[in-house]
Amino acid sequence: MTTRLVTNWSGRSRKDFVVFLAMALPNLALIATFTYWPLINNIYYSTLDWTLGSASATVVGLQNYVTFFTGEDAPKVLGTTAVFTVVTVGGSMVLGLLVALALNSKVRGTTFARSVVFAPYVLSGVGVGLVWLFIFDPGYGVLAWILRGLGQQSPQWMNDPQLSLVMVMIVYVWKNLGYCAVVYLAGLQSLPRDVMEAAALDGANNVRRFFNISVPLLSPTTFFLLITTMLSSLQAFDLIRIMTPLGNGTSTLIYEAYLQAFGAYNRAGYSAAISVVLFAVLLVITVLQLRFVERKVHYS
């Protein structure tokens, strides 16, 4: 009896395993081909002194990393990346939550308002960047025209490195807050109504209910948005490329890697090393979030 059960179980397991391989192997092959193999190649390229387009390269080991971290590039690029990430992630999430609270109201026109808020997120980054360049242009832009009407001079957004970074961050937050708003809106609509009604009966006003009940119950949503928006901000490229082609004050890790490889330098090996640094930063941030931040998440 036992032998028959073991035989039947083993046969069924083999069949399930074959089905699993048939379903999983194509996806695993695609992931290995287009994700892990390029990653391994990029790590190898980061050990080369290689000019893009050259038929020969010299193995230099970790020299590209030493050059990056001991030169002037590291503090500037890492600082710009940190500022850009913190401001865009924080701005998108905070404004997205406020917009979600407004969209959660039961008034006429909320469906249209939700579509309008979410629309910038799905628009092309190239198109958004070109439109906002026209708005920020200090000579003939819309913002310059408004400021001249008020008797003020338009700042030189494109020429000042600090203002260039501010300009790109404003546009990035505007483009991505709709994503945060929609996700937060889904979280708000899933909150248990009986808990909110009980708190209202106990005399808690809207502010207390929001901070003491809604925010803790939204922690899984906040945790999800924190991971996705941070990874997205660290890899932001299209807006920076369109609005500041030379990286004037906006050279984050990913854009610095692009400039080093495809700009005037053609330093493919050095660019690969910066890309590996970016990968390490993404990996560390994700592990720390999953290891420590998730402990604060309240799953109802």
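Residues numbered from 1 in each chain as written. Predicted model: local features only at pLDDT ≥ 70, side-chain atom pairs only at ≥ 80, totals over all residues. Heavy atoms only, no water.

If you look the protein up in an unreviewed UniProt entry, it shows as Sugar ABC transporter permease from Paenarthrobacter ureafaciens.

Secondary structure assignment for the protein yields 13 helices and two strands. Relative to its length of 300 residues, the protein is extended, with a C-alpha radius of gyration of 25 Å against a globular reference of 19 Å. Reported as C-alpha extents along the three principal axes, the dimensions of the protein are approximately 85 × 70 × 30 Å. Counting over 300 residues, the protein shows a buried share of 35%. For the protein, the share of sequence-separated contacts (at least 6 apart) that also reach a separation of at least 24 residues comes to 68%. Carbon and sulfur atoms provide 67% of the accessible area of the protein, an area that totals close to 18000 Å². Side-chain charges of the protein comprise 18 positive and 12 negative groups, with the mean position of each set lying 13 Å from the other. (Helix = DSSP H or I, 4+ residues; strand = E, 2+ residues; numbered from the N terminus. Rg over C-alpha atoms; globule rule 2.2 N^0.38 Å. Buried < 20%, exposed > 50% of the residue type's maximum accessible area, 1.4 Å probe, protein only. Contact = heavy atoms within 4.5 Å. Areas by Shrake-Rupley, 256 points an atom, 1.4 Å probe, with all protein chains shown as cover. Lys, Arg positive; Asp, Glu negative; His and termini not counted. Charge placed at Lys NZ, Arg CZ, Asp CG, Glu CD.)

With that out of the way, let us pick up the UniProt feature "transmembrane region" (unreviewed entry) in the protein. Per the UniProt record, "transmembrane region" (unreviewed entry) is found at residues 17-40, 82-103, 115-135, 163-186, 217-237 and 268-290. Here residues 115-135 is 90% helix and 0% strand, with 23 Å between the C-alpha atoms at its ends. (UniProt positions renumbered as here; feature names shortened; annotations may be inferred.)

At a minimum axis distance of 8 Å, the contact between helix 12 (residues 253-262) and helix 13 (residues 268-291) shows a crossing angle of 165°. Between helix 12 and helix 13, the angle is such that the two are roughly antiparallel. Note on packing geometry: the crossing formed by helix 12 with helix 13 is left-handed. Residues Leu253, Ile254, Glu256, Ala257, Tyr258, Gln260 and Ala261 of helix 12 form the contact with helix 13, whose own contacting residues are Tyr270, Ser271, Ile274, Ser275, Val277, Leu278 and Val281. (Axes fitted to C-alpha atoms, helices over the stretch in contact; angles between N-to-C directions. Parallel < 35°, antiparallel > 145°, perpendicular 65-115°, else oblique. Left-handed = near helix turned anticlockwise from the far one by under 90°.)

A few words on the packing of aromatic side chains. All told, the structure shown has 17 aromatic pairs when counted by the stated rule. Judged by centre distance (6.0 Å) and plane angle (40°), the rings of Phe134 and Tyr140 are tilted. Of the aromatic side chains, those joined through ring pairs into one cluster are Trp132, Phe136, Trp157 and Trp174. If you follow Arg267 out to its NZ or CZ, it ends over the ring of Tyr270, 4.0 Å from the centre. (Phe/Tyr/Trp six-rings, centres within 6.5 Å; stacked < 30°, edge-to-face > 60°. Lys NZ or Arg CZ within 6 Å of the ring centre and 35° of its normal.)

Rolled over the atoms, a probe as big as a water molecule pinpoints where empty space is left. Put simply, the largest pocket is a space of about 610 Å³. Together, 16 residues line the largest pocket, and Asn104, Leu188, Leu191, Met196 and Ser214 are the ones closest to its centre. Among the elements of the structure, helix 7 (161-189), helix 8 (193-201) and helix 9 (206-217) are those that each provide at least two residues to the lining of the largest pocket. Within the lining of the largest pocket, the residues separate by chemical class into six nonpolar, five polar and five charged. One number sums up the size of the second largest pocket: a volume of about 220 Å³. Lining the second largest pocket are 14 residues, and of these Ile254, Ala257, Ser275, Leu278 and Phe279 sit closest to its centre. Those elements that place two or more of their residues in the lining of the second largest pocket are helix 1 (2-45), helix 12 and helix 13. Its residues placed into classes, the lining of the second largest pocket shows 11 nonpolar, three polar and no charged. (1 Å grid on protein atoms, 1.4 Å probe; cavity = no way out; pocket = protein on both sides within 12 Å on 5 of 7 lines; lining within 4 Å. Points joined across faces, edges and corners; volume = space filled by probe spheres on them. Nonpolar A, V, L, I, M, F, W, Y, C, P; charged D, E, K, R; others polar.)

With that settled, the discussion passes to a nonpolar patch on the surface. Taken together, the side chains of Phe134, Tyr140, Val142, Trp145, Ile146 and Leu150 define a hydrophobic patch exposed on the protein surface, amounting to about 700 Å² of accessible area. Looking at the nonpolar patch, the element that brings in the most residues is helix 6 (residues 142-149), giving three residues. Its location among the elements puts Leu150 in the loop between helix 6 and helix 7. When its relative accessible area of 61% is taken as the criterion, Leu150 is described as exposed. (Patch = residues over 30% accessible without salt bridge, like charges linked within 9 Å, V, L, I, M, F, W, Y side chains within 5 Å. Salt bridge = Lys/Arg side-chain N within 4 Å of Asp/Glu carboxyl O.)

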